[in-house]
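Breakdown of the fold
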Amino acid sequence: MNLPPIRLFDSHCHLDDKTYNKDLDTVLSRAHQAGVQACMVVGITPASSRKAVEIAGQHDGVYASVGIHPHDASRADEDAIKALRDLAASTPDVRAWGETGLDFNRMHSPKQAQEKWLCRQIAEAKEADLPLIFHERDSGGRFLEILKTEMAPGQTGVVHCFSGNRQELSAYLDLGLYVGVTGVVTIKTRGQELRQLVNHIPDDRLLVETDAPYLTPTPDRNKVKRNEPAFVKTVFMKLAEVRNQAPEILAPIIWDNTCRLFHINKEPLEIA
């Protein structure tokens, strides 16, 4: 039986980052050579969201999200939300709302501001009929409390860079959310718990991502510091190994999951 070639979707990257200013085309070319046929460029401020949309508009197979990261919540206001709303409505390249959520680890914004603008963005995503891209770190259960009270029936999204425990994973799945796995799964010590938990993610809720330029996977991180979409193949291959699933079987499952979440035609759109 002839199996289809592996095609991958980097469900979360930040190609708007200044580290790609000089070689974005080369980065995308390497992604294509690695079988990465689509990627989601994730906005974290109005400015970065605009740049994500610009990048998506210039490259086939590249999509954008709009949002305000919890680190930037203290600078959010209704004008910023309106700018994101207008941006999302301006082009079909915008397929998600976020990155939004709670981060009580670094505390770049006060808890009250993070919670206010998380709730506000959940509501905006509902109005725009867009799935959400969530960020959570050390919120002590508060993030889940907000999702349970604020998300509308049928509303969905992905918890990107999942780093929680078994109970949190179960709660996310009960809410109908998808789970994004990063290069942390490849790191010997830091990824030990994640490697145990990925086996509890149902096939139809699993996504892979780089979070580029951050979280470069092993062994790529031994050669380069900056992560990029091509390295999602490293994440995927480790995930297939840990889950004991054949890559050629798992790849189309994850591709379909990502396209379903972001409401994208399931035919491959090669990055150009």
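See the structure shown above.
Keep in mind the model is a prediction, meaning the values are calculated, not measured.

Right, let's talk about unusual backbone geometry for a bit. Ala 212 connects to Pro 213 through a cis peptide bond whose omega is 15°. The linkage connecting Thr 218 with the following residue, Pro 219, adopts the cis geometry, with an omega of 10°. The backbone of Asp 211 sits at a positive phi, close to 60°, despite the residue not being glycine. Relative to the assigned elements, Asp 211 resides in the loop between strand S8 (206-208) and helix H8 (232-243). Non-glycine residue Leu 215 carries a positive phi angle of around 55°. The residue Leu 215 is located in the loop between S8 and H8 in this model.

In total, this model carries 2 cavities of 30 Å³ or more according to the counting rule given. If you go around the largest cavity, the residues you meet are Glu 136, Val 159, His 160, Cys 161, Phe 162, Ser 163, Gly 164 and Tyr 172. In this structure, the second largest cavity spans a volume of roughly 30 Å³. Lining the second largest cavity, in full, are Glu 136, Ser 139, Gly 141, Phe 143, Leu 144, Glu 168 and Tyr 172. Every element with two or more residues in the lining of the second largest cavity is listed here: helix H5 (142-150) and helix H6 (166-174). Here the residues of the lining of the second largest cavity are counted per class, giving 3 nonpolar, 2 polar and 2 charged.

Of all hydrophobic cores here, the largest spans 72 residues; its most connected members are Leu 15, Val 66, Ile 122, Phe 134 and Val 181. In this structure Ile 122 touches Leu 132, Phe 134, Ile 146, Leu 147, Glu 150, Met 151 and Gln 155, once residues within four positions along its chain are discounted. Counting residues in each nonpolar core, the second largest holds 15 residues, with Tyr 63, Tyr 178, Trp 255 and Cys 259 among its members.

Moving on, we come to the sheet that holds strand S4 (residues 94-103). With parallel pairing, the 8 strands of this open sheet are ordered in space as S1-S2-S3-S4-S5-S6-S7-S8. In this open sheet, the two strands that pair with only one neighbour each are strand S1 (8-13) and S8. On average, adjacent strands in this sheet sit at an angle of 30° to one another, irrespective of strand direction. Here helix H3 (residues 78-90) sits on the sheet and contacts strand S3 (62-66) and S4; the angle it forms with S4, its principal contact strand, is near 150°.

Our next topic: the environment of Pro 219. Note that Pro 219 resides in the loop between S8 and H8. Sequence separation between Pro 219 and Cys 13 is 206 residues; the distance between their C-alpha atoms is 19 Å.

Moving on, we come to the packing of aromatic side chains. What the rule picks out here adds up to 6 aromatic pairs. For the pair Phe 9 and Trp 255, a centre-to-centre distance of 5.8 Å together with 55° between the ring planes defines the contact as tilted. Of this pair, Phe 9 sits in strand S1 while Trp 255 is found in helix H9 (residues 247-261), placing the two residues 246 residues apart along the sequence. When sorted by exposure, Phe 9 lands in the same class as Trp 255, which is buried. Here the aromatic rings of Phe 9 and Phe 262 are separated by 6.2 Å at their centres, their planes lie at 40°, and the arrangement is tilted. A residue pair is termed long-range when its members are at least 10 positions apart, and Phe 9 in strand S1 and Phe 262 in the segment after H9 qualify at 253 residues. Pair check on accessibility: Phe 9 and Phe 262 agree, each one buried. Through a chain of ring-to-ring contacts, the aromatic side chains of Phe 9, Tyr 63, Trp 255 and Phe 262 assemble into a single cluster. When the ring centre of Phe 104 is taken as origin, the NZ or CZ atom of Lys 111, which lies over that ring, is 4.9 Å away.

Reading the values: the criteria
Residues numbered from 1 in each chain as written. Predicted model: local features only at pLDDT ≥ 70, side-chain atom pairs only at ≥ 80, totals over all residues. Heavy atoms only, no water. Helix = DSSP H or I, 4+ residues; strand = E, 2+ residues; numbered from the N terminus. 1 Å grid on protein atoms, 1.4 Å probe; cavity = no way out; pocket = protein on both sides within 12 Å on 5 of 7 lines; lining within 4 Å. Points joined across faces, edges and corners; volume = space filled by probe spheres on them. Nonpolar A, V, L, I, M, F, W, Y, C, P; charged D, E, K, R; others polar. Core = buried A, V, L, I, M, F, W, Y, C linked by side-chain atoms within 4.5 Å. Buried < 20%, exposed > 50% of the residue type's maximum accessible area, 1.4 Å probe, protein only. Contact = heavy atoms within 4.5 Å. Pairing = 2+ DSSP bridges. Axes fitted to C-alpha atoms, helices over the stretch in contact; angles between N-to-C directions. Phe/Tyr/Trp six-rings, centres within 6.5 Å; stacked < 30°, edge-to-face > 60°. Lys NZ or Arg CZ within 6 Å of the ring centre and 35° of its normal.

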